[in-house]
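Geometric and topological summary
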Amino acid sequence: TTSGNGPEMGTDVQIISSKPIRRYTDHTEHVIDFSWSATNFLLSASLDKTVRLWHVSRPGCLQIFQHADLVTSVAFHPRDDGYFLSGGSDKKLRVWSILDGRVRDWAQAPEMITAARYTPDARFVVAGLLHGQVYFYDVDGLKYYTQISCKNRSGSQKEGKKVTGLTFMRGAEYDGISSKSQPPGGERASRESMMAGSISISTNSLVGTHATSMIKGPDNSTALTPRSSIRATSYENSPPVSKLKYRSRQSKIIYRDKMLVTTNDSRLRLFGLDDFCMIRKYKGLVNMQMQIRARFNETGNFIVSGSESGNVYIWNTSSKNEPLHLKVSGLNNYDRSKSYESFEASRASLPIVTDTVFVPSMGLKEALISSKLFPSLLSMDNVKHDMSSAAIITSDYEGTIRVFVRKSCIDAVYYAAGPEGFVDS
């Protein structure tokens, strides 16, 4: 267990600004979900029964999509952000055309939809429901495909609890050996979770400072009209699930997608999307009521989540006994992981950490190099540390946003910036 109670130091290392670029106040009820596009458009879903479209270059709302009931989830199409997905209390899953301003396809779910996302290959629309069911629909026509259950087989939680988050990870395996994994969306997935704050350095393992600013979008945005921007959008097309590419005559790359489901029974469940079977169950956090969503870091090696206990929890996605790349099939044949790191991230009257995200490695490297703490550091090439899991942004129930960084990361940067680091390089 690590601690986040150290003194605030090094606050001139700015990862993200302490003040918001924009402040939008058009929604009349709580905002439940966000989705960023590759062109810096933002969708927001609210309990005021609307989804609203924004752009960071514009001061106000660009378009309103009215719904019949509360909207709990929203997501841009991963390859064409002229379309988006919404779900909510009326049990309807809708695919909207932004240019036309109307519903293109819809499907009726058996229960209230509490989370909804596209799979990274854009083959399925996934809907998490009120009592732990996760439904898969073909993107073409929203036809029902299959379902999985996120419920305990016995005990007080056997009836199933609300699905609060769906997150995806794409991994590449070389002849059965796991290679680098990556959350779908790349930089877009990282930008989607960026919030305002500044990094802080101390002698504790994880330390932080806070800023009471709102969630912010990516900077350096270009002012584009909604129609021209959406039409011009294109993502890097990831290979479809299980498609084989040859690295050499002796080895092949198999791309496999995995889905992480967060539920209100204080569990995270990891599923393989090739056979829809559970691979691993993660425990440790407290999530009984809030809409908490666990997330991967950009390499897929770690998972981070907030908690109703005021702590942040971190899991390693592989274990010595059963690494994540090993295929697990069968309904009851999965690994249970109770091993995690945690640190305190909120001392509010209601100590609830509502959201967490790993700082993208590129942003952290740029912030460290541009700071005044390491004047002799010209590049991060000889810094021996995993930057993709070195810093975490958190938000709590009172609206405070904090940034935490591992002391081992700062130690590695100090070493690389000193004479020993130059000798080693």
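Throughout what follows, the structure given in this document is the object of discussion. (Residues numbered from 1 in each chain as written. Predicted model: local features only at pLDDT ≥ 70, side-chain atom pairs only at ≥ 80, totals over all residues. Heavy atoms only, no water.)

Now for the pattern of salt bridges. Evaluated as defined, the whole model comprises ten salt bridges. Between arginine 406 and glutamate 341 there is a salt bridge, with its nearest N and O atoms 2.9 Å apart. Taken together, the residues arginine 406 in strand β27 (residues 401–406) and glutamate 341 in strand β24 (residues 341–344) connect sequence positions 65 residues apart. Of the charged contacts, one joins arginine 402 and aspartate 396 as a salt bridge, the two residues approaching to 3.1 Å between their closest N and O atoms. By the burial criterion, arginine 402 is buried, and aspartate 396 matches it. (Salt bridge = Lys/Arg side-chain N within 4 Å of Asp/Glu carboxyl O. Helix = DSSP H or I, 4+ residues; strand = E, 2+ residues; numbered from the N terminus. Buried < 20%, exposed > 50% of the residue type's maximum accessible area, 1.4 Å probe, protein only.)

Looking now at the nonpolar core. Among the nonpolar cores identified, the biggest contains 25 residues, and Leu364, Leu368, Met387, Cys409 and Val413 are the most heavily contacted of them. Contributions of two or more residues to this core are made by α3 (361–370), β26 (391–396), β27 and α4 (407–417). If you look at the next biggest cluster of nonpolar residues, it comprises 16 residues, including Ala115, Val134, Phe168 and Leu273. (Core = buried A, V, L, I, M, F, W, Y, C linked by side-chain atoms within 4.5 Å.)

Let's shift gears to the sheet that holds strand β6 (residues 83–88). Strand order in the open sheet formed by four strands is β5-β6-β7-β8, with antiparallel pairing between adjacent strands. Because the sheet does not close on itself, it has two edges, and the strands there are β5 (71–76) and β8 (102–108). Taken pair by pair, the neighbouring strands of this sheet meet at an average axis angle of 20°, ignoring direction. (Pairing = 2+ DSSP bridges. Axes fitted to C-alpha atoms, helices over the stretch in contact; angles between N-to-C directions.)

The backbone phi angle of asparagine 40 is positive, close to 70°, even though this residue is not glycine. As for its placement among the helices and strands, asparagine 40 is situated in the loop between β1 (31–36) and β2 (41–46). Positive phi, normally seen in glycine, also occurs at lysine 91, with a value near 70°. Assignment of secondary structure puts lysine 91 in the loop between β6 and β7 (92–97).

Our focus in this paragraph is the sheet that holds β1. The four strands lie next to each other as β1-β2-β3-β4, forming an open sheet whose pairing is antiparallel. What marks the edges here is a single partner per strand, and that holds for β1 and β4 (63–66). Going from strand to strand, the sheet's axes swing by 20° on average, the running direction of each strand aside. One ladder, built from five bridges, connects β2 with strand β3 (residues 50–55); its direction is antiparallel. Bridge pairing in β3 links leucine 43 to leucine 53.

Further remarks concern the pairing of β26. Within β26, six of the six residues are buried, leaving the element largely enclosed by the surrounding structure. Of the two faces of β26, both are covered, the one formed by Ala391, Ile393 and Ser395 as well as the one formed by Ile392, Thr394 and Asp396. Across five bridges, strand β25 (residues 353–358) lies against β26 in antiparallel orientation. The partner of aspartate 355 across the bridge, within β26, is serine 395. Note: β26 against β27, five bridges, orientation antiparallel. Each residue of the ladder has a partner; that of serine 395, found in β27, is isoleucine 401. Counting the residues between successive antiparallel strands, the hairpin from β26 to β27 contains four residues, one of them, glycine 399, with a positive phi of roughly 90°.

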